[in-house]
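Read off the chains here:
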Amino acid sequence: MYTYNSIFRLLYILLPVSLFFSCQQEPAQIKAVNVEESTVETFILKQDSLQSSISLPAELSGFREVELYAKVNSYVKNLWADIGDEVKQGQLLVDLEAPEIQSQLTAAKSKLVAQEAVAAASNSHYQRLLETSKVAGTISTNDLEQAIGKRNADKAQLEAIRAAYNETINMQDYLKIRAPFSGKVSLRNVNVGAYVGSNGSVPLLRVVDYRKLRLTIYVPESYAGLLQLGQLLNFKIASLRGDTFNGNIRRMSGALDKTMRTEQIELDIDNSNGKLLPGMVAEVQLDLKGQHKVFIVNKTAIGNTGEGAFVYRIQDNKVTRIKVDRGIETTDKVEIYASELNENDVLLTKGNPELRTGDSVK
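In this text the structure is predicted, and so the values were computed from the model without any measurement.

Some points on the overall build of the protein
- For the protein, the helix and strand inventory stands at four helices and 20 strands.
- Across the protein, the fraction of contacts at a sequence separation of at least 24, relative to all contacts at a separation of at least 6, is 74%.

Structure follows, in structure tokens:
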């Protein structure tokens, strides 16, 4: 039998244990109550237009820019222009010398004169036979036909020799290199006496039209459709701090580069003051504005997962997860596109990637 003292000792041991377990259960009950009473914040979806801006690198180049090469193997006889020189269209820049071309021209000229004499004699012989043949029985038909054939062959040979002679003259003209347009010499690779070949490996000179420049921009695919011909764009040059320049879009490639997925855009820039230089790198400011009203949400409303971007529509305290495509973005807002969305839909203000369609919220 248990004595009074033994019962008292048992109670003394069990009482702290029961108190310990009761204290451990109370926080769990409070936490469950807090979760059950939590709520989510929502907003009503509306349509609007969004305006954004991005900066893109661009490069200035001469409106016309060409490198001049030697057409024939030759030596530089005279150099009439150097780096930085202003040149006019048609101005002589380089004299080349090729003695063998002069010899070829003399030989071609001699062949031409000789063949002209042969052709003239054949034609005279034919004309005499033709006049004589008008008297019946004097000239046979065979003799007349042979005379005609000889005349035509000599005439054809004359044309071939004349073409070869003209070709030699043209080759001689290549020894004088002239400016194809007015501009400035920006590169010189040769000196007087240098041998230059017809392989075209090294240009003699480069001429740039710097009074008018091209600004070339490669616009990403997501923004290309928002630009149009004639649109005014502003740009800055890092080395010309404090100055802002502008120009209108004059050319659009109308296709995307297969590698970079960008569209080439060109602006014509007036540089009559010579302040800008071909080769400068510019920073272009593109002000992008949506052409139509679309759904716009705060970026926090989008939940990003490995499957894509989603917004979360709430109806009857149930979640519907809707996949969306992004459009123009600003610092805190973004255009979204999804066929399942409708104006006045109720969406979660803060997207939660852990939510799934059918989940309950309060």
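So, the packing of helix α2 (residues 99–132) against helix α3 (residues 141–173)
- Their axes nearest at 8 Å, the elements α2 and α3 cross at an angle of 160 degrees. When the axis of α2 is compared with that of α3, the two are roughly antiparallel. Note that α2 runs across α3; the crossing there is left-handed.
- In the contact of α2 with α3, the residues fall into 17 nonpolar, ten polar and eight charged.

A look at the environment of E335
- With respect to the helices, strands and loops of the structure, E335 is situated in strand β19 (residues 333–337).
- Placed eleven residues apart in sequence, E335 and V324 show a C-alpha to C-alpha distance of 9.5 Å.

What about the layout of surface pockets?
- When its volume is computed, the largest pocket comes out at roughly 210 Å³.
- Listed by contribution, the elements that provide at least two residues to the lining of the largest pocket are β3 (51–68), β8 (183–188) and β10 (205–220).

Regarding the environment of V113
- Relative to the elements of secondary structure, V113 occurs in helix α2.
- The class of V113 is partly exposed, set by a relative accessible area of 45%.
- Sequence separation of V113 and L158 is 45 residues, and the distance between their C-alpha atoms is 9.1 Å.

Details of the sheet that holds strand β6 (residues 92–97)
- Here we have four strands laid out as an open sheet, ordered β7-β6-β4-β9, and antiparallel in their pairing. Edge strands, defined here as strands with exactly one partner in the open sheet, are β7 (176–178) and β9 (195–196).

Concerning the nonpolar core
- Formed by 24 residues in total, the largest nonpolar core has its most connected members in L215, I217, F235, I237 and L276.
- Secondary-structure elements contributing two or more residues to this core are β3, β10, β11 (232–237), β12 (244–256), β13 (262–270) and β14 (281–289).
- Those residues in contact with L215, other than ones at most four positions away along the chain, are A58, E59, L60, F235, I265, E266, L267, I269, A282 and V284.
- Counting residues in each nonpolar core, the second largest holds 21 residues, with V76, A81, L96 and A179 among its members.

Re the packing of aromatic side chains
- Evaluation of the coordinates by the stated rule reveals two aromatic pairs.
- The interplanar angle of 65 degrees and the centroid separation of 5.3 Å between the aromatic rings of Y75 and Y195 together place this pair among those described as edge-to-face. Of this pair, Y75 sits in strand β4 (residues 74–79) while Y195 sits in strand β9, placing them 120 residues apart in sequence.
- We classify Y75 as partly exposed; its relative accessible area is 44%.
- Between F235 and F245, the aromatic rings sit 5.6 Å apart at their centres with planes inclined by 25 degrees, giving stacked as the arrangement. Remark: F245 occurs in strand β12 and F235 occurs in strand β11; sequence separation between them is ten residues.
- F245 gets classed as buried once you look at its relative accessible area, which sits at 16%.
- Positioned over the ring face of Y210 is K184, at 4.4 Å from the centre of the ring.
- Across the ring face of F310, the terminal group of R321 is positioned such that the distance to the ring centre comes to 4.0 Å.

About the thresholds
- Residues numbered from 1 in each chain as written.
- Predicted model: local features only at pLDDT ≥ 70, side-chain atom pairs only at ≥ 80, totals over all residues.
- Heavy atoms only, no water.
- Helix = DSSP H or I, 4+ residues; strand = E, 2+ residues; numbered from the N terminus.
- Contact = heavy atoms within 4.5 Å.
- Axes fitted to C-alpha atoms, helices over the stretch in contact; angles between N-to-C directions.
- Parallel < 35°, antiparallel > 145°, perpendicular 65-115°, else oblique.
- Left-handed = near helix turned anticlockwise from the far one by under 90°.
- Nonpolar A, V, L, I, M, F, W, Y, C, P; charged D, E, K, R; others polar.
- 1 Å grid on protein atoms, 1.4 Å probe; cavity = no way out; pocket = protein on both sides within 12 Å on 5 of 7 lines; lining within 4 Å.
- Points joined across faces, edges and corners; volume = space filled by probe spheres on them.
- Buried < 20%, exposed > 50% of the residue type's maximum accessible area, 1.4 Å probe, protein only.
- Pairing = 2+ DSSP bridges.
- Core = buried A, V, L, I, M, F, W, Y, C linked by side-chain atoms within 4.5 Å.
- Phe/Tyr/Trp six-rings, centres within 6.5 Å; stacked < 30°, edge-to-face > 60°.
- Lys NZ or Arg CZ within 6 Å of the ring centre and 35° of its normal.

Shape is all these values report; function is a separate question.
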